[in-house]
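Residues per chain, in single letters:
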Amino acid sequence: MSVLEKTRAPEAPAAAREPRFTDEHGRRIRVWELVLRYALLLAVLALTIGPFLWQLSTSLKGPTEDIYSSPPTFLPGDPTLHNYERVADTIPVWDYALNSLKVATANVVTNCVGAALAGYALARLRYRGRRVATLAFILAMLVPVEGIIIAQFTTMRELGLNNTLIGVVLPGCIGAMNVLLMRNAFLNLPYEIEEAAFVDGANVWQRFLRIALPSVKGTLAVVAIFAFMGAWDDFLWPLIVLSDPSKFTLTIGLNYLHGTFANDERLVAAGTIIAVAPLIALFACLQRYFFRGVGEGAVKG
């Protein structure tokens, strides 16, 4: 055997030369498993994003394009914004959007303030009946909206708030789920931090505003997103409590658009995109806060 043959390193087996894929825990993933995962993700993506892309494509198509062609064409041949102009000419869509923005903004403010205060009281304060209060919020989540909507309408009528935007905001100003989200976030905070602040002379409000609240900004942003989406998409309650067309929210206004121009799919699609666009913009700005829940209450050194 020659010296070259002796010093030549043995060739690695074929299995070792194959690329290795691992998950977040370092476990090896086979290639077919990885392909299957991505195939499932693409299928879910198509089911969730496909209808929105179809509506967007329909809203950009001109009157001469066939939206019912087979096979369907997602890309418009001659994109145009004329359908959006027709929506603004048909109904006062920007006035409706402004009303929805007022309701959604008020809902965000009241939910963030009220849920933060209630969540802190349930998680950090010691008083008799705290567990009963927590159970009451949990049970409130189990009650369907349709079961209490008549009582809500009667209450708004007795208060003289029917046909007002305040009457739209008031029933949803503090959501039970948002209170429980804030409670769980405050529970993750180490008690040693507040004990140290208490020793230094901080009262309850100072501990809440300067220590607890800055540590749960991620959950507070999630509450804001949920509150905005719930108020912006709400249809049933504004339809019941509002009767003046000048105070309609966007969802009610688009419903009238759909009923009047049901055969004009391009117009309906343009109105739908106008309603969905603010939610997409909001989520794009704040989506990173959805992934901060794991270390929400951690001590930062």
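Because the structure is a prediction, the values reported are computed rather than measured.

Participant: Explain the overall build of the protein to me, and be specific about the residues and the numbers.
Facilitator: The helix and strand tally for the protein stands at 15 helices and two strands. For the protein, the residues scored as buried account for 32% of the 301 residues in total. The contacts of the protein with a sequence gap of at least 6 include a subset with a gap of at least 24, amounting to 70%. Put simply, the protein shows about 19000 Å² of open surface, and 66% of that area lies on carbon and sulfur atoms.

Participant: An account of the packing of helix 3 (residues 31-59) against helix 15 (residues 265-286) is needed here, citing residue identities and associated values.
Facilitator: As a packed pair, helix 3 and helix 15 sit with axes 8 Å apart at the nearest point and diverge in direction by 125°. On the basis of the axis angle, helix 3 is oblique to helix 15. Where helix 3 crosses over helix 15, the handedness of that crossing is left-handed. Here helix 3 contributes Phe52, Gln55, Leu56, Thr58 and Ser59 to the contact with helix 15, which in turn contributes Glu265, Arg266, Ala269, Ala270, Thr272, Ile273, Val276 and Ile280. Residues of the contact of helix 3 with helix 15, tallied by class, amount to seven nonpolar, four polar and two charged.

Participant: So, helix 4 (residues 82-90): which residues are in play, and what are the values?
Facilitator: Residues Asn83, Tyr84 and Val87 constitute the buried set of helix 4. Projected down its long axis, helix 4 carries its buried residues within an arc of 100°, all on one side.

Participant: Which residues make up unusual backbone geometry, and what values go with them?
Facilitator: Backbone geometry at Asn163 places phi at a positive 65°, although glycine is not the residue there. Its location among the elements puts Asn163 in the loop between helix 7 (145-158) and helix 8 (165-169).

Participant: Residue-level account of the side chain of Thr251, with values.
Facilitator: Looking at where Thr251 falls in the secondary structure, it is placed in helix 14 (residues 250-260). Contact partners of Thr251, with chain neighbours within four places excluded, come to Trp232, Asp233, Asp234 and Phe235.

Participant: Report on the nonpolar core, specifying residues and quantitative values.
Facilitator: Val87, Met182, Phe186 and Leu250 are the most contacted members of the largest nonpolar core, which has 48 residues in total. Residues within four places of Phe186 in sequence aside, it is in contact with Ala116, Gly119, Tyr120, Ala123, Arg124, Phe208, Ala212, Leu213 and Val216.

Participant: Please provide a residue-by-residue account of helix 15, values included.
Facilitator: Along its 22 residues, helix 15 runs 32 Å from first to last C-alpha, staying within 8% of the 32 Å computed at 1.5 Å per residue. Roughly 30° is the biggest bend found in helix 15, and it falls at Val276, with proline Pro278 one to four residues downstream. Buried within helix 15 are the following residues: Arg266, Leu267, Val268, Ala269, Ala270, Gly271, Ile273, Ile274, Ala275 and Leu279.

Participant: Got a sec to walk through the packing of aromatic side chains? Specific residues and values, please.
Facilitator: Two descriptors summarise a pair of aromatic rings, namely the distance from one centre to the other and the angle between the planes of the rings. For the structure shown, the criterion picks out six aromatic pairs. Judged by centre distance (5.4 Å) and plane angle (85°), the rings of Tyr120 and Phe186 are edge-to-face. Within this pair, whereas Tyr120 is found in helix 5 (residues 93-124), its partner Phe186 is found in helix 9 (residues 176-187), the two being separated by 66 residues in sequence. Like Phe186, Tyr120 is buried.

Participant: Explain a nonpolar patch on the surface residue by residue, including any values.
Facilitator: A cluster of nonpolar side chains, Leu42, Leu45, Ile49, Leu53, Phe74 and Leu75, forms an exposed patch at the surface whose accessible area comes to about 600 Å². The exposure class assigned to Leu45 is partly exposed, which follows from its relative accessible area of 45%.

Participant: Explain the pattern of salt bridges to me, using residue names and the numbers behind them.
Facilitator: Under the defined criterion, the tally for this structure stands at two salt bridges. Glu194 is the partner of Arg124 in a salt bridge, and the nearest nitrogen-oxygen pair spans 2.6 Å. Placement of Arg124 in helix 5 and of Glu194 in helix 10 (residues 191-199) is noted, with a sequence separation of 70 residues between them. In this structure, Glu194 engages Arg207 in a salt bridge whose closest nitrogen and oxygen atoms are separated by 3.3 Å. With Glu194 in helix 10 and Arg207 in helix 11 (residues 204-215), this residue pair connects regions lying 13 residues apart in the sequence. Of the two residues, Glu194 and Arg207, both sit in the buried class. Salt bridges sharing partners connect three or more residues here, namely Arg124, Glu194 and Arg207.

Participant: Outline the environment of Met156, listing residues and values.
Facilitator: Mapped onto the elements of the fold, Met156 is located in helix 7. Overall, Met156 belongs to the buried group, its relative accessible area being 5%. Expressed as a C-alpha distance, the spacing of Met156 and Val241, which sit 85 residues apart in the sequence, is 8.1 Å.

Participant: Any chance you could break down the environment of Asn188 for me, citing the residues and the numbers?
Facilitator: Tracing the backbone through its elements, the reader meets Asn188 in the loop between helix 9 and helix 10. The class of Asn188 is partly exposed, set by a relative accessible area of 49%. Counting along the chain gives 27 residues from Asn188 to Ser215, while the straight-line C-alpha distance between them is 9.8 Å. Of the polar contacts made by the side chain of Asn188, one reaches the backbone oxygen of Asn184; its length is 3.3 Å.

Participant: Break down the confidence of the model for the protein for me, with residues and values.
Facilitator: Here the protein averages 82 in pLDDT, while 85% of its residues score no lower than 70. Contacts for the low-pLDDT stretch residues 3-7, under 50 throughout, to residues beyond four places or in other chains number one contact. Below pLDDT 50 for its whole length, residues 297-301 participates in six contacts with residues either more than four positions away or in separate chains.

The rules behind each value
Residues numbered from 1 in each chain as written. Predicted model: local features only at pLDDT ≥ 70, side-chain atom pairs only at ≥ 80, totals over all residues. Heavy atoms only, no water. Helix = DSSP H or I, 4+ residues; strand = E, 2+ residues; numbered from the N terminus. Buried < 20%, exposed > 50% of the residue type's maximum accessible area, 1.4 Å probe, protein only. Contact = heavy atoms within 4.5 Å. Areas by Shrake-Rupley, 256 points an atom, 1.4 Å probe, with all protein chains shown as cover. Axes fitted to C-alpha atoms, helices over the stretch in contact; angles between N-to-C directions. Parallel < 35°, antiparallel > 145°, perpendicular 65-115°, else oblique. Left-handed = near helix turned anticlockwise from the far one by under 90°. Nonpolar A, V, L, I, M, F, W, Y, C, P; charged D, E, K, R; others polar. Arc of directions from axis to C-beta. Core = buried A, V, L, I, M, F, W, Y, C linked by side-chain atoms within 4.5 Å. Expected span 1.5 Å × (residues − 1). Bend = angle between axes of the 7 residues up to and from the residue. Phe/Tyr/Trp six-rings, centres within 6.5 Å; stacked < 30°, edge-to-face > 60°. Patch = residues over 30% accessible without salt bridge, like charges linked within 9 Å, V, L, I, M, F, W, Y side chains within 5 Å. Salt bridge = Lys/Arg side-chain N within 4 Å of Asp/Glu carboxyl O. Polar contact = N/O pair within 3.5 Å; in protein donor to acceptor, adjacent residues only side chain to side chain. pLDDT = per-residue confidence, 0-100.

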